[in-house]
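Letter by letter, the chains look like this.
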Amino acid sequence: MKLARLILSETSDEQYIILREKDGERAFPIVIGSVEAFSIRRSLVGETTPRPMTHDLVVNILQELRVEPVDVVITELREHTYFAQLRVRQDGELVAIDARPSDAIAVAVRCSPPLPIFVNESVLEQALGG
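Residues numbered from 1 in each chain as written. Predicted model: local features only at pLDDT ≥ 70, side-chain atom pairs only at ≥ 80, totals over all residues. Heavy atoms only, no water.

A. View of the pattern of salt bridges. Inspection of the entire model under this criterion finds eight salt bridges. A salt bridge links E21 to R26; the nearest nitrogen and oxygen atoms lie 2.7 Å apart. One salt bridge connects R78 with E76, and the closest N-O pair in it is separated by 2.7 Å. Judged by relative accessible area, E76 falls into the partly exposed class, the value being 31%. What emerges from the salt-bridge pattern is a single network uniting E21, R26 and E121. (Salt bridge = Lys/Arg side-chain N within 4 Å of Asp/Glu carboxyl O. Buried < 20%, exposed > 50% of the residue type's maximum accessible area, 1.4 Å probe, protein only.)

B. Looking closely at the sheet that holds strand β1 (residues 2-7). The sheet built from three strands is open, its strands ordered β1-β2-β3 with antiparallel pairing. The sheet is open, and its two borders are formed by β1 and β3 (27-32), each paired with just one other strand. For this sheet, the mean angle separating the axes of adjacent strands, direction not counted, is 25 degrees. On top of the sheet, helix α1 (residues 34-44) reaches β1, β2 (15-20) and β3; it is set at about 115 degrees to β1, its chief contact. (Pairing = 2+ DSSP bridges. Helix = DSSP H or I, 4+ residues; strand = E, 2+ residues; numbered from the N terminus. Axes fitted to C-alpha atoms, helices over the stretch in contact; angles between N-to-C directions. Contact = heavy atoms within 4.5 Å.)

C. Inspection of the pairing of β3 at higher detail. Residue alternation in β3 divides its side chains into a buried set, F28, I30 and I32, and an unburied set, A27, P29 and V31. Linking β2 back to β3 in an antiparallel pair, the connection comprises six residues.

D. View of a nonpolar patch on the surface. There is a patch of nonpolar side chains on the surface, built from L57, I61 and L65 and spanning about 290 Å² of accessible area. Turning to its location among the elements, L57 is positioned in helix α2 (residues 54-64). (Patch = residues over 30% accessible without salt bridge, like charges linked within 9 Å, V, L, I, M, F, W, Y side chains within 5 Å. Areas by Shrake-Rupley, 256 points an atom, 1.4 Å probe, with all protein chains shown as cover.)

Written as structure tokens, this is what we have:
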């Protein structure tokens, strides 16, 4: 999947990211919070802050601890809530860290290159009403 679109609203606390298949037509929205949305936007447009924001801090911690970020996997959709994992490699072992999709994607877009985003097929089917 790829982050196809970020929809920001100044009149609502609900912001949206649209994930779309890289080589397909399927796409779906995820409602995210304002803080995460503006964090993603800042990274996408290359805006920096004088001090590290939370998602910058996470990337800095991973780098300092020599933990390699691998990817983001959206693993589950339960009661209209998406669940995700930020997967990292530590000492050669793949470690899955529970995360909100918005936070995982905010970290993913800060990595160089940006981390790939995967969505379990069952989640994609549920999101599309299947």
